[in-house]
Amino acid sequence: FLGHAYLGEWTNLGADTNNSDLKNNYGDVQVTMLGRKIETGRRFVGLMMGDHAKTGINTMFNTGTVVGVFANLWGGGFPPKEVPPFSWGGPQDGLSPYDLERAIETARVVKGRRERSLGRCEEDLIRALHRQYQSEFPA
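A few points on the structure. (Residues numbered from 1 in each chain as written. Predicted model: local features only at pLDDT ≥ 70, side-chain atom pairs only at ≥ 80, totals over all residues. Heavy atoms only, no water.)

## Quick look at the sheet that holds strand 8 (residues 66-67)
- With parallel pairing, the 4 strands of this open sheet are ordered in space as 1-5-8-10. Either end of the sheet is taken by a strand with one partner, and the two such strands are strand 1 (6-7) and strand 10 (82-83).
- The pairing of strand 5 (residues 48-49) with strand 8 spans 2 bridges and is parallel. Counted as the bridge partner of Met49 is Val67 from strand 8. (Pairing = 2+ DSSP bridges. Helix = DSSP H or I, 4+ residues; strand = E, 2+ residues; numbered from the N terminus.)

Okay, here's the thing in structure tokens:
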């Protein structure tokens, strides 16, 4: 189930990935971005996942979870409600930084499967995003 979810480009969801889009108390959903809680004023808010993010089989997300670009998640249990960009791991073992060169190589493979290529400008953008996010989410 992916109700009221917003998925970026080139995402890949493992089989049976699902999210909640409604709190048990039917209240308005809060999301967390850059460590700040934001009142949405909405009762239904599902997963928000950035470009090139991926999940493993049976990944579960709580209501209003935000997953950054190039995050790669797997394992049992729920990941945090805010997953930093370029994260690698899951709830059981925790998250660690995703190696930038591996992320770029995976993006090349993903796009190649659709007969597309990762252009120099796009690679430069990925590198710039990685630099920006490293300052916002230090290791």
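## A closer look at the pairing of strand 3 (residues 30-33)
- By the bridge criterion, 4 bridges tie strand 3 to strand 4 (residues 36-39) in an arrangement that is antiparallel. In the strand pairing of strand 4, Val31 is matched with Ile38.
- The antiparallel pairing of strand 3 with strand 4 creates a hairpin that spans 2 residues between the two strands, and Leu34 there sits at a positive phi of about 55°.

## A closer look at unusual backbone geometry
- A positive phi angle, close to 55°, is found at Leu34, a residue other than glycine.
- At Phe86, a position not held by glycine, the phi torsion is positive, near 55°.
- Looking at the element boundaries, Phe86 is found in the loop between strand 10 and strand 11 (87-90).

## Some words on the sheet that holds strand 11
- Across the sheet, which stays open at both edges, the 4 strands sit in the order 6-9-11-12 with mixed pairing between neighbours. The strands lining the two open edges of the sheet, one partner per strand, are strand 6 (54-55) and strand 12 (94-97).
- Taken together, the 2 bridges between strand 9 (residues 72-73) and strand 11 define a ladder with parallel strand orientation. Bridge assignment links Asn72 to a residue of strand 11, and that residue is Trp88.

## With respect to the side chain of Thr17
- Along the polypeptide, Thr17 turns up in the loop between strand 1 and strand 2 (18-19).
- In contact with Thr17, not counting residues within four places along its chain, are Phe1, Thr55, Gly56, Asn58, Thr59 and Phe61. (Contact = heavy atoms within 4.5 Å.)

## Some remarks on the pattern of salt bridges
- For the structure on display, the rule yields 7 salt bridges.
- Between Lys111 and Glu122 there is a salt bridge; the shortest N-O distance is 2.6 Å. Here Lys111, found in helix 1 (residues 100-112), pairs with Glu122, found in helix 2 (residues 120-136); they are 11 residues apart in sequence, far enough to count as distant.
- In the salt-bridge network here, residues are joined through shared partners; they are Glu101, Glu105, Arg108, Arg120, Glu123, Asp124 and Arg127. (Salt bridge = Lys/Arg side-chain N within 4 Å of Asp/Glu carboxyl O.)

## Notes on a nonpolar patch on the surface
- Residues Met33, Leu34 and Ile38 make up a contiguous nonpolar surface patch of roughly 250 Å² in combined accessible area.
- If you trace the backbone, Leu34 turns up in the loop between strand 3 and strand 4. (Patch = residues over 30% accessible without salt bridge, like charges linked within 9 Å, V, L, I, M, F, W, Y side chains within 5 Å. Areas by Shrake-Rupley, 256 points an atom, 1.4 Å probe, with all protein chains shown as cover.)

## Topic: helix 1
- With 13 residues, helix 1 should reach 18 Å at 1.5 Å per residue; the first-to-last C-alpha distance of 18 Å fits that figure.
- Every buried residue of helix 1 is accounted for by Leu100, Ala103, Ile104, Ala107, Val110 and Lys111. Considered in projection along helix 1, the buried side chains sweep an arc of 120° and stay on one side of the axis.
- Capping of helix 1 at its N-terminal end is provided by Asp99; its side-chain oxygen lies 3.2 Å from the backbone amide nitrogen of Glu101. (Expected span 1.5 Å × (residues − 1). Buried < 20%, exposed > 50% of the residue type's maximum accessible area, 1.4 Å probe, protein only. Arc of directions from axis to C-beta. Polar contact = N/O pair within 3.5 Å; in protein donor to acceptor, adjacent residues only side chain to side chain.)

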